[in-house]
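Each chain, letter by letter, is given below.
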Amino acid sequence: MNEPQKSVSRQKFLTRLSLGIAGLSGLAIVIPVVSALLAPLLAKQKKVWRLAGNVNDFPIGSTRLINFTDADPVGYSGVTSQSAAWLRRVDQNDFIAFAANCTHLGCPVRWEETASLFMCPCHGGVYYKDGTVAGGP
């Protein structure tokens, strides 16, 4: 005997079709967003040694500004791939490197040799020679 065919109403068909298309559209949006969020976490960071200068260029107790190229600049970064840091020679074998930017808003700090302080010209941030905060915002 012939079994009765199950028919799907037009409304159910269009509902399922629109839900399927919406699901595919949502998936097409979610995959790139999730991959963009996870990619930096899974990518290996390049470790690059940078030449700061000859050891004899840094007398014990001195603090000097060194310039270098970012370890992983993008091709179009140009001048923005250039960076800087303050390098302080503590003793015969030890150096300390400091970011050249203020912790408040990232303004470039300067080293005041006579006061032995890092000074931020923008908002009055002051840092001791070991990098701890002496005052400011």
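A quick note: this is a predicted structure, and the numbers were derived from the prediction, not measured.

A. The sheet that holds strand β2 (residues 82–89), seen in detail. In spatial order, the strands read β1-β2-β3; together these 3 strands make up an open sheet with antiparallel pairing. Whereas interior strands pair on both sides, the edge strands pair on one side only; in this sheet they are β1 (63–69) and β3 (95–99). Between one strand axis and the next, the sheet turns by 35 degrees as a mean value, whatever way the strands run. Relative to β2, β1 runs antiparallel, the two sharing 7 bridges. Bridging across to β2, Ile66 finds its partner in Ala85.

B. Layout of the sheet that holds strand β5 (residues 117–119). Pairing in this open sheet of 4 strands is antiparallel, and the strands run β4-β5-β6-β7 from one edge to the other. Only two strands of the sheet have a single neighbouring strand rather than two, namely β4 (110–112) and β7 (133–135). Ignoring strand direction, the axes of neighbouring strands in this sheet form an average angle of 35 degrees. As judged from the 3 bridges shared by β4 and β5, these two strands associate in the antiparallel manner.

C. Structural detail: the nonpolar core. Among the nonpolar cores identified, the biggest contains 10 residues, and these are Trp86, Phe98, Ala100, Cys102, Cys107, Val109, Trp111, Phe118, Cys120 and Tyr127. The residues touching Cys102, leaving out its near neighbours within four places in the chain, are Cys107, Val109, Cys120 and Tyr127. Ranked by size, the runner-up nonpolar core spans 5 residues in total, among them Phe58, Phe68, Ala85 and Leu87.

Criteria and cut-off values
- Residues numbered from 1 in each chain as written.
- Predicted model: local features only at pLDDT ≥ 70, side-chain atom pairs only at ≥ 80, totals over all residues.
- Heavy atoms only, no water.
- Pairing = 2+ DSSP bridges.
- Helix = DSSP H or I, 4+ residues; strand = E, 2+ residues; numbered from the N terminus.
- Axes fitted to C-alpha atoms, helices over the stretch in contact; angles between N-to-C directions.
- Core = buried A, V, L, I, M, F, W, Y, C linked by side-chain atoms within 4.5 Å.
- Buried < 20%, exposed > 50% of the residue type's maximum accessible area, 1.4 Å probe, protein only.
- Contact = heavy atoms within 4.5 Å.

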